[in-house]
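Each chain, letter by letter, is given below.
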Amino acid sequence: MTAELRVPGADLTDIAATLGLSPVIPVVTLQREADAVPLAEALLRGGIPIIEIALRTAAALGAIEAIRRDCPSISVGAGTLWTPEQTLQAASAGAEFISSLGIADAVQDVTRSLKLPYLPGAQTASEVAHLTRRGCKAMKFFPAGAAGGAAAVAARAAVFPDVLFCPTGGVSATTAPSYLKLEAVPCVGGSWITPAALLAERNWTGVQELAGRAAQLANYKP
Ligand code: 3PG
């Protein structure tokens, strides 16, 4: 590990502000670009001011662009990024934050040069340590449910007291409070607010209702 990679706190301020926007970051896999803006508007009506679009579909970049242009009140990010090329594309589309499900050092380097808030992912203590050595003070804990749930996050937080965790993957409306009770957890991520069935039906009222319930989870913050 070289000295120049030790940049404690380098991305703390920006990403911490992003994570403080909402108790839940809806992680959305969109099949139709045209659904992006009505979906973002439904989330906003429900009280959720942030959305992460997973870069796993052909519609994703166009969706980010449309949301940034037509629904600027919501903070839109791009998720599941693994390469510098994807990061540059997401930034060009207007992504306001970038996230990965694991370690992607090259993505972090691009976000740093673009001054974009970045949320990498970690599961093991070694991964958390790697990211902290590279200046990351906030990260996803993925896949949170399968990796042991809130008890696993608490165990990591106990030995990395300066790290913020955004548990993502297998989190639900039922399990979200168990994570949000932890001081190290400003928010969780998940797809339960935007389930594929509601998206397929363009059921924006349904999404708004789920968002409204998720917004109430702010009460579980310490
Ligand atoms: C994802 O990248 O799709 C997220 O991790 C969401 O996971 P979930 O569907 O288990 O909430």
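Please refer to the structure higher up on the page.
To start, this report covers the structure provided alongside it.

Calculation notes
Residues numbered from 1 in each chain as written. Predicted model: local features only at pLDDT ≥ 70, side-chain atom pairs only at ≥ 80, totals over all residues. Heavy atoms only, no water. Buried < 20%, exposed > 50% of the residue type's maximum accessible area, 1.4 Å probe, protein only. Helix = DSSP H or I, 4+ residues; strand = E, 2+ residues; numbered from the N terminus. Arc of directions from axis to C-beta. Contact = heavy atoms within 4.5 Å. Pairing = 2+ DSSP bridges. Near = heavy atom within 4 Å. Polar contact = N/O pair within 3.5 Å; in protein donor to acceptor, adjacent residues only side chain to side chain. Areas by Shrake-Rupley, 256 points an atom, 1.4 Å probe, with all protein chains shown as cover. Nonpolar A, V, L, I, M, F, W, Y, C, P; charged D, E, K, R; others polar.

Now for helix α5 (residues 105-114). The set of residues buried in α5 consists of V107, Q108, V110 and T111. End-on view of α5: buried residues confined to an arc of 165°, all on one side of the axis. Those residues of α5 hidden inside the fold are in contact with α4 (84-93), β4 (97-99) and β5 (118-119). Following α5 by one or two positions, K115 adopts a phi angle in the positive range, close to 60°.

Moving on, we come to the sheet that holds strand β8 (residues 164-167). Spatial strand order, β6-β7-β8: three strands in an open sheet with parallel pairing. The open sheet has two free edges, formed respectively by β6 (121-122) and β8, since each of these has just one partner strand. Pairing analysis gives four bridges linking strand β7 (residues 138-141) to β8, with the strands arranged parallel. Bridge assignment links A138 to a residue of β8, and that residue is L164.

Here we take up the site of the ligand. Within the structure, the ligand sits among V27, R56, L101, F142, T168, G169, G170, G190 and S191. R56 is positioned such that a nitrogen or oxygen atom in its side chain is 2.7 Å from an oxygen atom of the ligand. Contact distances for the ligand include 2.7 Å between an oxygen atom and a backbone N or O atom of G170. Here the ligand has 310 Å² of accessible area as a free molecule, and 78% of this is covered by the chains. Among the residues forming the shell around the ligand, the class breakdown is three nonpolar, five polar and one charged.

Now for the sheet that holds β4. Sheet strands associate in pairs through backbone hydrogen bonding, adopting either a parallel or an antiparallel arrangement. The six strands are arranged β5-β4-β3-β2-β1-β9 in an open sheet whose pairing can be described as parallel. Looking at which strands have only one partner, the edges of the open sheet turn out to be β5 and β9 (188-190). Bridge count for strand β2 (residues 50-54) against strand β3 (residues 75-79) is five bridges, and the pairing is parallel. Counted as the bridge partner of I51 is V76 from β3.

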